[in-house]
Amino acid sequence: MQTVRPYQAGDRDACLALFDGNTPRFFDPSERADFAAWLDTSTHPYLVILRDGRIVACGGHAIEADGTAASLCWGMVAQDAHGQGLGRALTQARLDAIRAVPGVARVRMNTSQHTQGFYAGYGFEAVKVTPHGFGPGIEQWDMVLQLGAFQP
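A short tour of the structure in this document, coming up. (Residues numbered from 1 in each chain as written. Predicted model: local features only at pLDDT ≥ 70, side-chain atom pairs only at ≥ 80, totals over all residues. Heavy atoms only, no water.)

**Focus: the nonpolar core**
Generally speaking, soluble globular proteins have nonpolar side chains that are buried together. Cys15, Phe35, Leu39, Tyr46, Cys58, Trp74 and Met76 are the most contacted members of the largest nonpolar core, which totals 29 residues. Broken down by secondary-structure element, the contributors of at least two residues to this core are helix H1 (12-21), helix H2 (32-41), strand S2 (46-51), strand S3 (54-63), strand S4 (69-77) and helix H3 (86-99). Core analysis: the second largest hydrophobic core is formed by 14 residues, Val104, Met109, Tyr122 and Leu145 among them. (Core = buried A, V, L, I, M, F, W, Y, C linked by side-chain atoms within 4.5 Å. Buried < 20%, exposed > 50% of the residue type's maximum accessible area, 1.4 Å probe, protein only. Helix = DSSP H or I, 4+ residues; strand = E, 2+ residues; numbered from the N terminus.)

Listed below in structure tokens is the structure:
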């Protein structure tokens, strides 16, 4: 059974384990401290997906100060659960939550060359690519989705 619920402080170690399992292909090791600090201090919505009681995905979003844009934050799926629809479920849950906020017209995110095609499938368009932007061999793809322009 699969459940999506808000992040709780007790989920921290499981979310860090997801990060570790996706390093170094999807995340540079240097990003771990930033992710841990974000988990400890962020007040933005963050979700976890549990399958049979185990956290197998996590990710959140933030509404930007002007209220017209949102950003996807720290999305990841357990390495041994890639390709099972969890990324789709997580992305859809975050986009649904963002679409429920009046006035938000676009969603920003940054990802790597490994997952940019996945997000392009949701209508995100690349606006900038930075070689080694996240670390050696990990490009940073800055992408934007105009809400209303695409509904999966």
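**A look at the sheet that holds strand S7 (residues 138-146)**
Working definition: the strands of a sheet are paired by backbone hydrogen bonds and lie parallel or antiparallel to each other. Spatially, S1-S2-S3-S4-S5-S7-S6 is the arrangement adopted by the seven strands of the open sheet, whose pairing is mixed. Each edge of the open sheet is held by one strand with a lone partner, namely strand S1 (2-6) and strand S6 (125-135). Each neighbouring strand pair of the sheet contributes to a mean axis angle of 20°, computed without reference to strand direction. Sheet contacts for H1: S2, S3 and S4; angle to S3, the most-contacted strand, approximately 95°. Each of S1, S2, S3, S4, strand S5 (106-111) and S7 is contacted by H3, which is oriented at about 30° to S3, the strand it contacts most. (Pairing = 2+ DSSP bridges. Axes fitted to C-alpha atoms, helices over the stretch in contact; angles between N-to-C directions. Contact = heavy atoms within 4.5 Å.)

**Remarks on the packing of aromatic side chains**
Both the distance between ring centres and the angle between the ring planes are used here to describe each pair of aromatic rings. Tallied over the full model, the rule gives eleven aromatic pairs. Relative to phenylalanine 35, the ring of phenylalanine 19 lies with its centre 5.8 Å away and its plane at 20°, an arrangement referred to as stacked. Here phenylalanine 19 is found in helix H1, whereas its partner phenylalanine 35 is found in helix H2, with 16 residues between them in sequence. Summarising the burial analysis for this pair, phenylalanine 19 and phenylalanine 35 share the class buried. Through pairs of rings, three or more aromatic residues link up here, namely Tyr7, Phe19, Phe27, Phe35, Trp38, Tyr46 and Trp74. (Phe/Tyr/Trp six-rings, centres within 6.5 Å; stacked < 30°, edge-to-face > 60°.)

**Points about the pattern of salt bridges**
A side chain of one charge can pair with a side chain of the opposite charge when the charged atoms of the two come close. All chains considered together, the criterion is met by five salt bridges. Between aspartate 80 and arginine 54 there is a salt bridge, with its nearest N and O atoms 2.8 Å apart. You can see aspartate 80 sitting in the loop between S4 and H3 and its partner arginine 54 sitting in strand S3, a full 26 residues away along the chain. For the salt bridge of arginine 108 with glutamate 64, the shortest nitrogen-to-oxygen distance reads 3.0 Å. Residue arginine 108 is located in strand S5, and its partner glutamate 64 is located in the loop between S3 and S4; the two are separated by 44 residues in the primary sequence. (Salt bridge = Lys/Arg side-chain N within 4 Å of Asp/Glu carboxyl O.)

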